[in-house]
There are 2 protein chains.
Amino acid sequence: MATIHDVALKAGVSVTTVSRVMNNRGYISERTRSKVFQTMEELNYHPNEIARSLLRKRSNVIGLIIPAVSHPFFAELANHVEYYAYQSGCKVLLCNSQLDPVKEKEYIDMLKRNMVDGIVMGSHTLEVDAYRNLHSPIVTIDRRIDEDIPYISSDNYAGGRLAAELLISKGCRKIAHICGNLTLNLLANNRSMAFRDVMLEHGIENVVIQTDMNVFDHDQYGRIIGKLLREHEDIDGIFATSDIIAAYALKGCTQAGKRVPEDIRIIGYDGIGAVSWFEPEISSIRQPISEIGRLAVELIRKQRDGEPFERENILPVELMERSTT
Amino acid sequence: MATIHDVALKAGVSVTTVSRVMNNRGYISERTRSKVFQTMEELNYHPNEIARSLLRKRSNVIGLIIPAVSHPFFAELANHVEYYAYQSGCKVLLCNSQLDPVKEKEYIDMLKRNMVDGIVMGSHTLEVDAYRNLHSPIVTIDRRIDEDIPYISSDNYAGGRLAAELLISKGCRKIAHICGNLTLNLLANNRSMAFRDVMLEHGIENVVIQTDMNVFDHDQYGRIIGKLLREHEDIDGIFATSDIIAAYALKGCTQAGKRVPEDIRIIGYDGIGAVSWFEPEISSIRQPISEIGRLAVELIRKQRDGEPFERENILPVELMERSTT
DNA sequence: TTGTAGGCGTTATCAA
DNA sequence: TTGATAACGCCTACAA
């Protein structure tokens, strides 16, 4: 690997001049400029970004911490974060926490040691103080830490209402809601709040079931659905807090001999692409995943550059009515 | 951020001593050692990895270039690569090429400028020379560049045979095969070779349809399936080269009023988790994605450390017979 | 057992 | 318009 010194030597100028040409700073004679460029070509020179980072005290890297990129919601999020990061000259370091607090902590420390521009936190297994004290630009997805740390979420409450009201408007009279662990203080819990509110307003009988939100244990979903259908045979509507859970609900209903949507209606949440691969397509509340990714990158950049930025970023959701409602 | 100098100053020793304590090298008195550790604690000192990378000429980063992490196969691959990289003290830089040669090239250059330990290439849009000349440890997934560059693939030929023979053994007499672009020189094409061979051996009528393998345009799958079923009404078996395509095939068959597997049997490829979320579960040829990820990381590490390594890594596949055959 | 000094590849400052 | 030199934070000879 050629260095700036090699180029300077061969071109017969100083390293300063080479640096100037590269970064297009200050005055350089046209003759020198072209000579330097030519030499860089000949030597196949590429500036060492590590050395630059050391000097600039930042690496143009954004750390993305999520539970697991194998989960389709986070896969899509990662895809968009990478897209917008690339647009703004940044790279993305992929960190799966596997919802393990130790791993999440280690990743945060590692990212700081590597002087990343900022961290997008889509996993939240630590105490709030851990996030408060890390003095690095940070954006949280779907969790509110405190006044100072910007967060992005879709309008979970509105989404929950949309789903609940749709089921009721379709005539459902006993509705189940399958959600994550409500003690975890995630903004996604607002979906469940909305569900309760709507049920109360309309006086609709309902069942709320918490899963432990373990992204990896899909078998639990099958068991939960089975149990639900056995214990409450008269359920005619299910609002699942993710499309994957909704898919398992659909599967469970079919296996139990129920017709969807005639006997029981199902709606999911997230609006991941995968639901449209299969038949019937599951109705869902679509989160604007691309916009979440875009904003995440923008908020990191603005904090890094000392520009003003919005702390609360609640994005609109959209009802995607398809075949299961 | 405290530096090694701050620690040295406060502890009343030299930076060398601090470095020695950190890296546990040479002889240090117990008294000095504990004093240094204590000072590091007090100052909340974390060594700057950028400076270390500059010195070591490597960053402990593995670049992962794939078409798009939103695609479930690559999402799972990325998940495993991250897992094993983390195990061996490496980080993963996520690079979606979007199958754009320009972006792929820029990512390769960027990774070199950042002195990554190596590159895992899951996207292959460039000419072979581009990969040959990059003088950085590299591993390709599902593509053979030349003698020197190690590659990993599952046993595509065996997988193709398994799928084709299963359909025939189930009684299929006119079979369609939907594959990617066969001119692209990917090892996945061996699935299609195997398909042809088996059809020939058994004298089975068949249709081969190439898609342009654009990971993002899922609509084309629906169109292709529709056209296929219209033009060949008597098809009773489909071997799709990915589970997503198989899902669309299933959907298309259902919409066309065909029963699966009674009227037509379908088998996919990859064995991604998503197929088990839905009913019916699609039969598939499972690639050992976790093992592919593990090997990829290991091959980078071995090249980096100058250890001997295997050039050809062909991993076994497994038939997952489920409900669509 | 500990310290001094030089260098990794850049860029910024100050002179020339 | 160009060049010498000092950082950036760390590690590793070599010395003491």
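Residues numbered from 1 in each chain as written. Chains lettered and ligands numbered in written order. Predicted model: local features only at pLDDT ≥ 70, side-chain atom pairs only at ≥ 80, totals over all residues. Heavy atoms only, no water.

> Give me the lowdown on the protein's contact with DNA strand D, citing residues and values where you can.
Among the 25 residues in the neighbourhood of DNA strand D, the closest are listed as Thr17(A), Thr32(A), Lys57(A), Ile4(B) and Leu55(B). Those atoms of DNA strand D that come within 4 Å of the protein belong to sugar or phosphate at a rate of 63%. Between DNA strand D and Arg20(A) there is a distance of 2.6 Å, counted from a base oxygen to a side-chain nitrogen or oxygen. At a separation of 2.9 Å, a phosphate oxygen of DNA strand D approaches a polar backbone atom of Ser29(A). Ranked by residues supplied to the surface near DNA strand D, first place goes to helix 2 (residues 15-23) of chain B with four residues. Looking at the surface near DNA strand D residue by residue, the class counts come to eleven nonpolar, ten polar and four charged. (Near = heavy atom within 4 Å. Polar contact = N/O pair within 3.5 Å; in protein donor to acceptor, adjacent residues only side chain to side chain. Helix = DSSP H or I, 4+ residues; strand = E, 2+ residues; numbered from the N terminus. Nonpolar A, V, L, I, M, F, W, Y, C, P; charged D, E, K, R; others polar.)

> Just give me the short version of helix 3 (residues 30-43) of chain A, but keep the residues and values in it.
Residues and elements named next belong to chain A. Taking 1.5 Å of rise per residue, the 14 residues of helix 3 would be expected to cover 20 Å, and the 20 Å separating its terminal C-alpha atoms lies within 8% of that figure. On its buried face, helix 3 sits against helix 1 (4-11) and helix 2 (15-23). Just beyond helix 3, the residue with positive phi is Asn44, at close to 50 degrees. (Expected span 1.5 Å × (residues − 1). Contact = heavy atoms within 4.5 Å.)

> Please give an account of the sheet that holds strand 11 (residues 312-315) of chain A that cites residues and values.
If you trace the twelve strands from one edge of the open sheet to the other, you get 11(A)-5(A)-4(A)-3(A)-1(A)-2(A)-2(B)-1(B)-3(B)-4(B)-5(B)-11(B), paired in mixed fashion. Strands with a single pairing partner mark the edges of an open sheet, and in this sheet they are strand 11 of chain A together with strand 11 (312-315) of chain B. Shown here is a sheet whose adjacent strand axes are inclined to one another by a mean of 20 degrees, direction ignored. Judged from the three bridges that link them, strand 3 (residues 118-121) of chain B and strand 4 (residues 138-141) of chain B form a sheet pairing that is parallel. Paired with Ile119(B) across the bridge in strand 4 of chain B is Ile138(B). Its contacts with the sheet place helix 6 (residues 101-113) of chain A against strand 1 (61-66), strand 2 (91-96) and strand 3 (118-121) of chain A together with strand 2 (91-96) of chain B, and it is angled at close to 155 degrees to strand 2 of chain A. Across the face of the sheet, helix 12 (residues 289-304) of chain A comes into contact with strand 1, strand 3, strand 4 (138-141), strand 5 (151-154) and strand 11 of chain A while running at roughly 160 degrees to strand 4 of chain A. (Pairing = 2+ DSSP bridges. Axes fitted to C-alpha atoms, helices over the stretch in contact; angles between N-to-C directions.)

> How would you summarise the sheet that holds strand 7 (residues 205-210) of chain B if you had to cite specific residues and measurements?
In any sheet, the strands associate via hydrogen bonds between backbone groups, in a parallel or an antiparallel arrangement. All names here are of chain B. Taken in spatial order, the six strands line up as 7-6-8-9-10-12 in an open sheet, and their pairing is mixed. Whereas interior strands pair on both sides, the edge strands pair on one side only; in this sheet they are strand 7 and strand 12 (318-320). Strand-to-strand, the axes of this sheet are offset by a mean angle of 15 degrees, without reference to chain direction. When strand 6 (residues 174-179) meets strand 8 (residues 237-240), the two strands line up parallel, connected through four bridges. Its bridge partner being in strand 8, Ile178 is matched across the sheet by Ala240. Packing against the sheet, helix 11 (residues 243-255) makes contact with strand 6, strand 8, strand 9 (265-270) and strand 10 (283-286), and its axis sits at approximately 160 degrees to strand 9.

> Explain the relation of the copies chain B and chain A to me, and be specific about the residues and the numbers.
The relation between the two copies of this chain is a rotation about an axis and a shift parallel to it. The transformation that overlays chain B on chain A combines an axial shift of 0.0 Å with a rotation of 180 degrees, and the residual RMSD is 0.1 Å. Such a combination of turn and shift is consistent with a two-fold rotation axis. In terms of C-alpha distance to the rotation axis, chain B has Leu93(B) as its closest residue, with the C-alpha 2.3 Å off the axis. Here 100% of the contact residues of chain B are again contact residues in chain A; the copies associate through an equivalent surface. (Least-squares fit on C-alpha atoms with pLDDT ≥ 70 in both.)

> Describe the nonpolar core, and please don't skip the residues or the numbers.
Residues Ile152(A), Ile238(A), Ile152(B) and Ile238(B) are the most contacted members of the largest nonpolar core, which totals 111 residues. Setting aside residues up to four positions removed in sequence, Ile152(B) forms contacts with Val139(B), Thr140(B), Ile141(B), Asp142(B), Ile292(B), Leu295(B), Ala296(B), Leu299(B), Asn313(B) and Leu315(B). (Core = buried A, V, L, I, M, F, W, Y, C linked by side-chain atoms within 4.5 Å. Buried < 20%, exposed > 50% of the residue type's maximum accessible area, 1.4 Å probe, protein only.)

> Go over the packing of aromatic side chains, please, and point to the residues and values.
All names here are of chain A. Following the criterion strictly, the structure yields 15 aromatic pairs over all chains and no others. Seen from their ring centres, Phe239 and Tyr269 are 6.4 Å apart, and the 35 degrees between their planes marks the pair as tilted. Of this pair, Phe239 sits in strand 8 (residues 237-240) while Tyr269 sits in strand 9 (residues 265-270), and the two are 30 residues apart along the sequence. Across this residue pair, the class does not change: Phe239 and Tyr269 are buried. (Phe/Tyr/Trp six-rings, centres within 6.5 Å; stacked < 30°, edge-to-face > 60°.)

> Describe the UniProt feature "domain: HTH lacI-type" (unreviewed entry) in chain A, with residues and values.
In the numbering used here, UniProt assigns the feature "domain: HTH lacI-type" (unreviewed entry) to residues 2-56 of chain A. Within residues 2-56 of chain A, the helical portion is 71% and the strand portion 0%, while the C-alpha atoms at the span's ends are 21 Å from each other. (UniProt positions renumbered as here; feature names shortened; annotations may be inferred.)

> How would you sum up the pairing of strand 6 of chain B? Please name residues and give values.
Residues and elements named next belong to chain B. With six of its six residues buried, strand 6 lies for the most part within the structure. Sheet analysis places strand 6 next to strand 7, joined by six bridges and oriented parallel. Within strand 7, the residue paired with Lys174 across the bridge is Glu205. On the question of chirality, the crossover connecting strand 6 to the parallel strand 7 by way of helix 9 (residues 189-202) is right-handed. (Right-handed = clockwise from strand over helix to strand, strands pointing away.)

> Tell me what's going on with the pairing of strand 9 of chain A, and back it up with residues and numbers.
Residues and elements named next belong to chain A. Strand 9 sits mainly inside the fold: six of its six residues count as buried. What you see with strand 9 is no split at all: Arg265, Ile267 and Tyr269 on one side and Ile266, Gly268 and Asp270 on the other are buried throughout. Sheet topology note: the strand 8/strand 9 ladder contains three bridges and is parallel. Directly across from Phe239, in strand 9, lies its bridge partner Ile267. A crossover connection joins strand 8 to the parallel strand 9 through helix 11 (residues 243-255); in handedness this β-α-β unit is right-handed. Sheet analysis places strand 9 next to strand 10 (residues 283-286), joined by four bridges and oriented parallel. Looking across to strand 10, one finds that Asp270 is bridged to Arg286.

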